[in-house]
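The primary structure of each chain is shown beneath.
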Amino acid sequence: MTEFLSLESAIAANVHDGDVVALEGFTHLIPFAAGHEIIRQRRRDLTLVRLTPDLICDQLIGAGCARKMVFSWGGNPGVGSLHRFRDAVEHDWPQAIELDEHTHAGLANRFVAGAAGLPFAVLRAYAGTDVALQSSTIASVTCPFTGEVLAAVAALRPDVTVIHAQQADREGNVRLWGITGVQKESVLAASRAVVTVEEIVDDFSDDRNAVVLPSWTVTAVAHVPGGCYPSYASGYSERDNDYYEAWDELSRDRTVFEDWLEHEVYDLGSV
Amino acid sequence: MKSNFSTDEIMTIAASRELAGARSCFVGIGLPSIAANLARSLHASGLVLVYESGTIGAKPTRLPLSIGDGELARTADVVVSVPEIFNYWLQPGRIDVGMLSGAQVDRFANLNTTVIGSYERPEVRLPGAGGAPEIATACPRTIIVMRQSKRTFVENLDYLTTVGFGDGTGARARLGMPGAGPSVLISDLGIFRPDVETCEMNLTSIHPGVNVADVRDATGWALKVSGELVETAKPTDEELDCLRRLNNGSSAKATN
């Protein structure tokens, strides 16, 4: 059953050094506040998993939390590079980072297999690319019915998945809507799930087709309004595109980044 | 000769013209998104724009900065999850056209969006694959839009992220790729189409004010020029006005 915890307690209880941590949310509903709490708690040697690492993984990598990154598109959307990610790959700063790199479809299907309790997923992908050669979690499989050779991707089962959602009810059922990415699959694939929410409501509306994660699939809920800023929560906030553009400049320089980390993350303390 | 349009403008407009008659387009952010939105404003008003964030039938009134902007979700016919957009919509070939860009392209329209230099210790670490490899696999045809120089049109890719025609004729069939592959590669200098026999991208149209020698100088392989080379039609006032309105109303820089 879901526990209602402070963000600090939810991260302390569920994210440990060396864990495989998925932080999902496709442009929308990115769990930034939880990411910052992981930085504040100085977690180390994490394997971060995100289709689009986005600024949240750039920050975690720059802060020295990550040993490995499993991902499929590592840019600042519409702006350019993730400079902290690049610095880690190109110059081992603040430490070397191992990559397991996929396509969106491949990584999404790794979560699908994890959620389905299967060892792998099948898709028509990767043939002829260098992507297939670089990853130990991509192989091929022959269809027993047609003989077609298809890609197989290994199931991904994070130790913990962290997401941000619009609402939880008082039982701890979670509801999110709009662009829902791979949140459902990444939560169901994980051993534990931490959800930060914009709002805790008495009752959901009658709409049972919005993505609902029943309370018994969620380990902890923390009430963190604005917890996805500078990404957005449909119905609650707008994406701060200026922040994404400003990050390009701010994150280029190690010293400027470390100053940002000190003042905007460590000094703020837990929410 | 001073023209009233930029090289980027004619590239984007030429790309938008390729979408005439298409029902649906799987759109990457940057140049492809601008071209697809221009097509929808001009000559393909019913064009269904599909973004990998799961937004199907997005009708943005301003250019999105990211593929997951709220504007895309708000104006979409339906929003689906990421596994669903790839598994149910893209993979079976339901989306007519894919529009892609890249950091490097070779003569067989294969793309690199992963690294410049070696994979283990790259000079430049680029974002990676995203949705492009499966778009290039599954869409019945793809359109590639990218700015041209010797650094981007290369003899050998540093990394093969997305297959166009692989190593040439027959490669797509051998690799089990159902789509027909790139129908056109559009740069800021000209337009390239695959040779019927070899699948090599040959120069078939040259933008006004550009010489064949300019294109050769900006191509890293021994460029073949079509015997029926034509000049790309100049942008009309309507095309230019519409593109400039889109760019001015944009929250995005035209990144690629």
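Rules and cut-offs
- Residues numbered from 1 in each chain as written.
- Chains lettered and ligands numbered in written order.
- Predicted model: local features only at pLDDT ≥ 70, side-chain atom pairs only at ≥ 80, totals over all residues.
- Helix = DSSP H or I, 4+ residues; strand = E, 2+ residues; numbered from the N terminus.
- Buried ≥ 20, exposed ≤ 12 C-beta atoms within 10 Å, placed from the backbone.
- Contact = placed C-beta atoms within 7 Å.
- Rg over C-alpha atoms; globule rule 2.2 N^0.38 Å.
- Domains from an automatic or database assignment.
- Nonpolar A, V, L, I, M, F, W, Y, C, P; charged D, E, K, R; others polar.
- Core = buried A, V, L, I, M, F, W, Y, C linked by C-beta atoms within 7 Å.
- Axes fitted to C-alpha atoms, helices over the stretch in contact; angles between N-to-C directions.
- Parallel < 35°, antiparallel > 145°, perpendicular 65-115°, else oblique.
- Pairing = 2+ DSSP bridges.

## Some details on the overall build of chain A
Next up, step 1: The helix and strand inventory of chain A stands at nine helices and 15 strands.
Next up, step 2: Every one of the 271 residues in chain A was classed for burial, and the buried ones make up 55%.
Next up, step 3: In chain A, the share of contacts with a sequence separation of at least 24, taken over all contacts with a separation of at least 6, comes to 76%.

## Some remarks on the overall build of chain B
Next up, step 1: Helix and strand counts for chain B come out as eight helices and 14 strands.
Next up, step 2: Taking 256 residues into account, the globule formula puts the C-alpha radius of gyration at 18 Å, and chain B, at 17 Å, falls close to it.
Next up, step 3: If one aligns the C-alpha atoms of chain B with their principal axes, the spans along those axes are about 45 × 45 × 35 Å.
Next up, step 4: Within chain B, the proportion of its 256 residues that are buried is 58%.
Next up, step 5: Taking as baseline every contact in chain B between residues at least 6 positions apart, the subset at least 24 positions apart corresponds to 67%.

## Structural notes on the domain arrangement of chain A
All names here are of chain A.
Next up, step 1: Under the domain assignment used here, chain A contains domain 1 (3-102 + 157-266) and domain 2 (110-154).
Next up, step 2: Every contact between the two is made by nine residues of domain 1 and, on the other side, eight residues of domain 2.
Next up, step 3: If you list the elements that add at least two residues to the side of domain 1 that touches domain 2, you get strand E7 (98-101) and helix H7 (183-189).
Next up, step 4: A per-element tally of the side of domain 1 that touches domain 2 places H7 first, with four residues.
Next up, step 5: The class makeup of the residues in the side of domain 1 that touches domain 2 is three nonpolar, two polar and four charged.

## Remarks on the interface of chain A and chain B
Next up, step 1: In this complex, chain A contributes 46 residues to the contact, which on the side of chain B involves 43 residues.
Next up, step 2: Listing elements by their share of the side of chain A that touches chain B, those giving two or more residues are helix H4 (83-91), helix H5 (104-116), helix H6 (131-134) and H7 of chain A.
Next up, step 3: When residues in the side of chain A that touches chain B are grouped by element, the largest group, five residues, is from H5 of chain A.

## What to know about the nonpolar core
Next up, step 1: Leu60 and Val195 of chain A together with Cys25 and Val145 of chain B are the most contacted members of the largest nonpolar core, which totals 161 residues.
Next up, step 2: Each of domain 1 (3-102 + 157-266) and domain 2 (110-154) of chain A gives at least three residues to this core.
Next up, step 3: If we ignore the near neighbours within four places in the chain, the residues touching Cys25 of chain B are Leu19, Ala36, Leu47, Leu49, Val50, Ile95, Asp96, Val97 and Met99 of chain B.

## A closer look at the packing of helix H2 (residues 32-40) of chain A against helix H3 (residues 54-62) of chain A
Each packed pair of helices is defined by two parameters, the angle between the axes and the distance between the axes.
All names here are of chain A.
Next up, step 1: In contact at an axis separation of 10 Å, H2 and H3 are set at 5 degrees when each is read in the N-to-C sense. Between H2 and H3, the crossing angle belongs to the class labelled roughly parallel. For the pair H2 and H3, contact is made by Phe32, Gly35, Ile38 and Ile39 and by Ile56, Gln59 and Leu60, respectively.
Next up, step 2: Class assignment for the residues of the contact of H2 with H3 results in five nonpolar, two polar and no charged.

## Observations regarding the sheet that holds strand E5 (residues 97-100) of chain B
Residues and elements named next belong to chain B.
Next up, step 1: The ten strands are arranged E4-E3-E2-E1-E5-E10-E11-E12-E13-E14 in an open sheet whose pairing can be described as mixed. Edge strands, defined here as strands with exactly one partner in the open sheet, are strand E4 (78-79) and strand E14 (225-231).
Next up, step 2: Pairing between E5 and strand E10 (residues 141-145): four bridges, direction parallel. Looking at E10, one finds that Met99 is bridged to Ile143.

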